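This is what each chain is made of:
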Amino acid sequence: MRVYSQSFFLVRDPTSVRLSRRRLHDLAENWGLRLNEASDTALTIVLSELVTNAVRHGTGAMLTIGVRANLSRRRILVEVYDGSRILPVPRCAAPEDETGRGMALIDRLSVCHGAERTTCGKCVWAEIALPAQLLTRRQLILRPGRAARAVARRLTAPRQRPRPGPAGHRARHGRHPSPQSPSTLHPVERTGQQHPPHISHREGESPCPTS
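Residues numbered from 1 in each chain as written. Predicted model: local features only at pLDDT ≥ 70, side-chain atom pairs only at ≥ 80, totals over all residues. Heavy atoms only, no water.

J.: Whenever I open this one, unusual backbone geometry confuses me. Can you help?
T.: Positive phi outside glycine occurs at Arg-74, with the angle close to 60 degrees. Inspection of the secondary structure assignment puts Arg-74 in the loop between strand S2 (62-70) and strand S3 (75-82). Judged by relative accessible area, which is 34%, Arg-74 ranks as partly exposed. (Helix = DSSP H or I, 4+ residues; strand = E, 2+ residues; numbered from the N terminus. Buried < 20%, exposed > 50% of the residue type's maximum accessible area, 1.4 Å probe, protein only.)

J.: I would appreciate a short explanation of the packing of helix H2 (residues 37-57) against helix H3 (residues 102-109) in the present structure.
T.: Axes are the key here: two packed helices are described by the angle between their axes and the distance separating the axes. Remark: H2 packs on H3, axes separated minimally by 9 Å, with the N-to-C direction vectors making an angle of 145 degrees. As H2 runs across H3, the sense of the crossing is left-handed. Seen from H2, the contacting residues are Ala-42, Ile-45, Val-46, Glu-49, Leu-50 and Asn-53; seen from H3, they are Gly-102, Met-103, Leu-105, Ile-106 and Leu-109. Here the residues of the contact of H2 with H3 are counted per class, giving 8 nonpolar, 2 polar and 1 charged. (Axes fitted to C-alpha atoms, helices over the stretch in contact; angles between N-to-C directions. Left-handed = near helix turned anticlockwise from the far one by under 90°. Contact = heavy atoms within 4.5 Å. Nonpolar A, V, L, I, M, F, W, Y, C, P; charged D, E, K, R; others polar.)

J.: It is not clear to me how the sheet that holds S2 should be interpreted in this structure. Could you clarify?
T.: Strand pairing in a sheet takes place through backbone hydrogen bonds and is either antiparallel or parallel in direction. In space, the 5 strands of this open sheet follow the order S1-S2-S3-S5-S4, with antiparallel pairing throughout. Strand pairing shows two members of the sheet lacking a second neighbour, strand S1 (3-11) and strand S4 (112-118), which therefore form its edges. Averaged over neighbouring strand pairs, the angle between their axes works out to 15 degrees when direction is ignored. Two elements, S3 and strand S5 (residues 121-129), share 8 bridges in a ladder whose sense is antiparallel. The partner of Ile-76 across the bridge, within S5, is Ile-128. (Pairing = 2+ DSSP bridges.)

J.: Explanation requested: the environment of Glu-49 in the structure shown.
T.: Relative to the elements of secondary structure, Glu-49 occurs in helix H2. Considering only alpha carbons, one finds Glu-49 and Gly-102, 53 residues apart in sequence, at a separation of 5.5 Å.

J.: Hey, could you run me through the pattern of salt bridges in this one?
T.: If charged atoms from side chains of opposite charge come close, those side chains can pair. A full pass over the atoms with the stated rule returns 2 salt bridges. Taking the shortest distance from any N to any O, the salt bridge between Arg-73 and Glu-127 comes out at 3.0 Å. You can see Arg-73 sitting in the loop between S2 and S3 and its partner Glu-127 sitting in strand S5, a full 54 residues away along the chain. Taking the relative accessible area as the measure of exposure, Arg-73 reaches 43% and is therefore partly exposed. Owing to a relative accessible area of 4%, Glu-127 belongs among the buried residues under this scheme. Of the charged contacts, one joins Lys-122 and Asp-82 as a salt bridge, the two residues approaching to 2.9 Å between their closest N and O atoms. With Lys-122 in strand S5 and Asp-82 in strand S3, this residue pair connects regions lying 40 residues apart in the sequence. In this pair, the class of Lys-122 matches that of Asp-82, namely buried. (Salt bridge = Lys/Arg side-chain N within 4 Å of Asp/Glu carboxyl O.)

J.: Just checking my understanding: could you explain H2 for this structure?
T.: The α-helix advances 3.6 residues per turn, and as a result positions three or four apart in sequence lie on the same side. Counted at 1.5 Å a residue, the expected span for H2 with its 21 residues is 30 Å, and the 30 Å between its end C-alpha atoms agrees. Among the residues making up H2, those that are buried are Ser-39, Ala-42, Leu-43, Val-46, Leu-47, Ser-48, Leu-50, Val-51, Thr-52, Ala-54 and Val-55. On its buried face, H2 sits against helix H1 (15-30), S2, S3, H3 and S5. (Expected span 1.5 Å × (residues − 1).)

Coordinates in, geometry out; function isn't part of it.
Right under this line is the structure:
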């Protein structure tokens, strides 16, 4: 199971919204995550909304951002900790309102999300779906056994014979046309709003933002 996890601190300031996006994309690049347009957009918007809400409605001088990527489950979890124990409440924004749509965006773009109180404030989190991940060159070098098993599975997998065409039909160059199977779509199902495993912090390090 390939799992990456890291947390970092940011000042509770509007400039931290842009900094959090940069740090998140740096982590994704260092971990070798493969993001398509949908997952990259969802990740950027969801993190921006979580940090923006913490800056506007949270307390304390610092924020703690936790990121956990589980490549086997194809999920990435983002957590934002602040010093306020007041949980966010979704509200319906009027068409002329410039704010108030953050939680609706998070609900639309995430697989699941939620908020819970901690010993020193609260944690608001969201989980984003990732596309299928490919083995990188670094992973092949560090884990050659995984690459060998992947190759063995492909070599031992039974091959499907092409379906015979109509009588008297010949494909060009003497080859029979192989059947084209429709692409299989994997719809994202919303599980209950249950918090995934918490992001592990370093020994002696507290997720509580310092005031």
